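Coordinate analysis (summary)
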Amino acid sequence: MEEKNKRETFSTGFAVFFATLGSAVGLGNIWKFPYLIGTNGGGAFLLVYLLCVVLVGIPIMSCEFYIGRKSRKNAVGAFKKLNASKGWKTIGFMGVASAFLIAFFYSSVAGWVYSYVFKAIKGDFAGVTLVTANTKFMSTLVGPLSPIVWQFIVLCVVSIILIAGVKNGIERITKTLMPVLFILILICDVRALTLPGASQGLKFLFHVDFTQLTGPVILAALGLAFFKLSLGMGTMLTYGSYFTQSNNMIATSAKVALSDSLISILAGIAIFPAVFSFGLTPSEGPGLLFKTIPLVFSKIPFGSVLLVAFFFLTAIAATTAMISMIEVPVAYFTEEKGIGRKNAVLLTTSIMMVVGILATLSAHPTSVLGNIHILGQRGFFDSFDFISSNILLPIGGLLIAIYVGYFVKKEDFKLELSNQGTLNNDLVLNIIYIFIKFISPCLLIIVFFNSIGIIKL
Ligand code: TRP
């Protein structure tokens, strides 16, 4: 087949950066990162998280880019194209499965964000207090009908953009809106930092208390690093397959990882001072963002406008991240199964909608399906999250590192990542290669064995 010639690529290096950042930046930064820091003890978690980004995140991202651009294929087809032995395709299949599992709960949370945009426009948050912020969140979450409707709307928006052709739309949207999101978070930061008692929040975020560093905390930090950087399931591999031939992929990995971490930290600075100032608890869980941000913007000039803008941009971030997630099965179905793009999108998002309802209806213990437990104490929502973030993504990442580190010729790897020797980045490549071969797999193995109870950290 001649798909290779039909395949689109992003137009410029600038577009590559923003599209990739658009995948990385999403609910992970604004919703998940703050609440995981809150439930895992603050600064110590942040430190381990940043270490995971550098020691594991950047090397694995480079591997995914390598496999993607070298093969110019989807997550499953890439391994066939590179003549890897049959078993390696499993990485691609696991990636397709993870895309579904993540989308089940991600579309649900994105639905809450969309509904907050709508509520903020209606002025529902005028004069909000701690108590009313809480009730509003609970009614958004527990529904039961409205969160399903919002989830449906999210999946429709994502489908329309995906069908209409990702690159032009996405490129343009991410390039303009990412900087605006950044500025809005900065405004939130200024506001949060001028709240009474703000310093307590900063202390929580940045003070490292080493007694907090337990096995589960380290596992959660690694899981978050993978989730945040969209790694371990072929998203970056698929995006890499659309990169321009002249892109410096190591530099792109580093720039995306660092910008993404900066945005997460800025989101933390917006949230934690407010948490302490308004008497919420940092270990609030998934509702943290939804309860604090309306309070942060209450009682300031233009607060209601800023609130709409903030949730609108969070919605955009969630949408661009979802697009990259869903592109994995879509690229697989179109290239490997010969399904047309439109049908591939509809098939994928329909499954996500139907099964996603289980996540939506189990997001809280008082939700309709909230007391059904499938994995120990976990309901559907938490199980989808746990299986994907803490198990499938790290295993996917481990296999990718082993494949590139031990089954690809070093020269081949260096040739592709130096753009056939034109980049002059030999030293960096040698260092990254050591990380890929030894450091990332060791860390992943230790953390994974700990998570399934074989060793105890
Ligand atoms: N990185 C995104 C976020 O932080 C989520 C995401 C998009 C993702 N694509 C992914 C997570 C692929 C894991 C794998 O919100």
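Thresholds, definitions, all that
Residue numbering note: each chain is counted from 1, following its sequence as written. In view of the model being predicted, local features appear only for residues whose pLDDT reaches at least 70, and side-chain atom pairs are presented and counted only at 80 or more, with totals across whole chains, interfaces and linings using the full set of residues. Just so you know, side-chain values use all the structure's heavy atoms and leave hydrogens and water out. Helix numbers and strand numbers start at the N terminus; a helix is a DSSP run of H or I with at least 4 residues, a strand a run of E with at least 2. Here the radius of gyration uses the C-alpha set of atoms, whereas the globule reference equals 2.2 Å times the residue count to the power 0.38. In this scheme, a residue with accessible area under 20% of its type's maximum is buried, one over 50% is exposed, and one in between is partly exposed, where area comes from a 1.4 Å probe on protein chains only. Throughout, a contact is declared for two residues whenever any of their heavy atoms are within 4.5 Å. Both cavities and pockets are sets of points on a 1 Å grid over the protein atoms alone; in a cavity a 1.4 Å probe fits but cannot get out, in a pocket the set is open with protein on both sides within 12 Å along at least five of seven lines, and lining residues sit with an atom within 4 Å of a point. Grid points are joined across faces, edges and corners, and a volume is the space filled by probe spheres set on the points. In this count, Pro and Cys sit with the nonpolar residues alongside Ala, Val, Leu, Ile, Met, Phe, Trp and Tyr, while Asp, Glu, Lys and Arg are called charged and the others, Gly among them, polar. The nearness test applies per residue and asks whether one of its heavy atoms lies within 4 Å of the molecule or strand. Nitrogen and oxygen atoms within 3.5 Å of one another constitute a polar contact, given that in protein one can donate a hydrogen and the other can accept it, and given that sequence-neighbouring residues count only through two side-chain atoms. Working definition of accessibility: Shrake-Rupley area with a 1.4 Å probe, residue cover restricted to the visible protein chains. Assignment of a molecule to a cavity or pocket requires that more than half of its atoms lie within 2 Å of the corresponding grid points. To estimate the expected span of a helix, subtract one from its residue number and multiply by 1.5 Å. The quantity called bend is, for any residue, the angle between two axes fitted respectively to the seven residues ending at it and the seven beginning at it. A side-chain nitrogen of Lys or Arg and a carboxyl oxygen of Asp or Glu constitute a salt bridge if their distance falls within 4 Å. Only the six-membered ring of Trp is used, alongside the rings of Phe and Tyr, when aromatic pairs are assigned; centres must lie within 6.5 Å, and planes under 30 degrees apart are stacked while those over 60 apart are edge-to-face, with the rest tilted. Any Lys NZ or Arg CZ that is within 6 Å of a ring centre and within 35 degrees of that ring's normal is treated as a charge sitting over the ring. Definition of nonpolar core: a set of buried residues of the types Ala, Val, Leu, Ile, Met, Phe, Trp, Tyr and Cys, connected through side-chain atoms within 4.5 Å. A fitted line through C-alpha atoms serves as each axis, taken over the contacting stretch for helices, and the angle formed by two N-to-C directions is quoted from 0 to 180°. The scheme is simple: roughly parallel for angles under 35 degrees, roughly antiparallel for over 145, roughly perpendicular for 65 to 115, oblique for anything else. Handedness of a crossing is defined here by the sense of rotation of the near helix relative to the far one, left-handed for an anticlockwise turn of less than a right angle and right-handed for a clockwise turn.

In the annotation of an unreviewed UniProt entry, the entry for the protein chain reads Transporter, and the organism field reads Clostridium tagluense.

1. Some details on the overall build of the protein chain
When helices and strands are tallied, the protein chain shows 19 helices and zero strands. Scaling as 2.2 N^0.38, a compact globule of 457 residues should have a C-alpha radius of gyration of about 23 Å, and the protein chain matches this with 21 Å. Overall size of the protein chain, expressed as C-alpha extent along the three principal axes, is 60 × 50 × 40 Å. Counting every position in the protein chain, which comprises 457 residues, the buried fraction comes to 60%. Once local pairs closer than 6 in sequence are excluded, the contacts in the protein chain between residues at least 24 apart make up 81%.

2. Comments concerning the layout of surface pockets
Roughly 870 Å³ of volume is contained in the largest pocket. What lines the largest pocket is a set of 37 residues, among which Tyr35, Leu36, Arg378, Asp382 and Asp385 lie closest to the centre. For the lining of the largest pocket, the elements supplying multiple residues, two or more each, are α3 (27-39), α7 (130-142), α11 (215-228), α17 (380-407) and α19 (426-451). Looking at side-chain class alone, the lining of the largest pocket contains 15 nonpolar, 15 polar and seven charged residues.

3. A look at the site of the ligand
By nearness alone, 16 residues border the ligand, and Ala24, Gly28, Tyr106, Phe227 and Lys228 come closest of all. In the model, an oxygen atom of the ligand is placed 3.1 Å from a nitrogen or oxygen of the Leu27 main chain. Within the side chain of Tyr106, an N or O atom sits 2.4 Å from an oxygen atom of the ligand. For the ligand, whose free accessible area comes to 360 Å², the fraction covered by protein is 100%. Put simply, the ligand lies in the largest cavity. Elements with a contribution of two residues or more to the shell around the ligand: α2 (13-24), α3, α6 (89-122), α11 and α15 (303-337). With three residues, α15 is the single largest residue contributor to the shell around the ligand. Taken together, the residues of the shell around the ligand break down into nine nonpolar, six polar and one charged.

4. Things to note about α3
Here α3 is 13 residues long and its end C-alpha atoms lie 17 Å apart, about the 18 Å a rise of 1.5 Å per residue gives. Maximum bend of α3: about 30°, positioned at Phe33, with proline Pro34 one to four residues after it. When you tally the buried positions in α3, you get 12 out of 13 residues, the bulk of the element. Buried within α3 we find Leu27, Gly28, Asn29, Ile30, Trp31, Lys32, Phe33, Pro34, Tyr35, Leu36, Ile37 and Gly38.

5. Observations concerning the pattern of salt bridges
Applying the stated criterion across every chain, the model contains nine salt bridges. One salt bridge connects Asp385 with Lys32, and the closest N-O pair in it is separated by 2.9 Å. Here Asp385, found in helix α17, pairs with Lys32, found in helix α3; they are 353 residues apart in sequence, far enough to count as distant. Here Asp385 and Lys32 have matching classes, each one buried. Of the charged contacts, one joins Asp124 and Lys122 as a salt bridge, the two residues approaching to 3.8 Å between their closest N and O atoms. Among the residues examined, Asp124 registers a relative accessible area of 25% and is labelled partly exposed. Assessed through its relative accessible area of 52%, Lys122 is described here as exposed.

6. Quick notes on the packing of aromatic side chains
One pass over the full model with this rule turns up 35 aromatic pairs. Here the aromatic residues Phe105, Tyr106, Trp112, Tyr116, Phe125, Phe137, Phe227, Phe290, Phe297, Phe310, Phe311 and Phe381 are joined through ring pairs into a cluster of three or more. Here the basic side chain of Lys255 rests over the ring of Phe17, its NZ or CZ set 5.9 Å away from the ring centre.

7. Thoughts on the nonpolar core
Membership of the largest hydrophobic core comes to 157 residues, with the highest contact counts inside it found for Trp31, Phe290, Phe311 and Phe413. What Phe413 contacts, discounting residues up to four positions off in sequence, is Tyr66, Val404, Val408, Leu429, Ile432, Tyr433 and Ile436.

8. Remarks on the packing of helix α10 (residues 198-206) against helix α13 (residues 249-277)
Packing of α10 against α13 brings their axes to within 7 Å, and their N-to-C directions diverge by 130°. The orientation of α10 relative to α13 falls into the category oblique. The way α10 lies across α13 gives a crossing that is right-handed. For the pair α10 and α13, the contacting residues are Ala198, Gln200, Gly201, Leu202, Phe204, Leu205 and Phe206 in the first and Ile265, Gly268, Ile269, Phe272, Pro273 and Phe276 in the second. When the residues that make up the contact of α10 with α13 are grouped by side-chain class, the tally is 10 nonpolar, three polar and no charged.

9. Concerning unusual backbone geometry
Cis geometry is adopted by the peptide bond preceding Pro144, which originates at Gly143 and carries an omega value of 10°. Looking at where Pro144 falls in the secondary structure, it is placed in the loop between α7 and α8 (145-163). Positive phi is not limited to glycine here, since Ser230 has a value of about 55°. In this structure, Ser230 sits in the loop between α11 and α12 (235-240). Here Ser230 falls in the buried class, since its relative accessible area comes to 11%. Of note, the phi angle at Asn424 is positive, near 60°, even though the residue is not glycine. Mapped onto the secondary structure, Asn424 falls in the loop between α18 (410-417) and α19. Classification of Asn424 as exposed rests on a relative accessible area of 75%.

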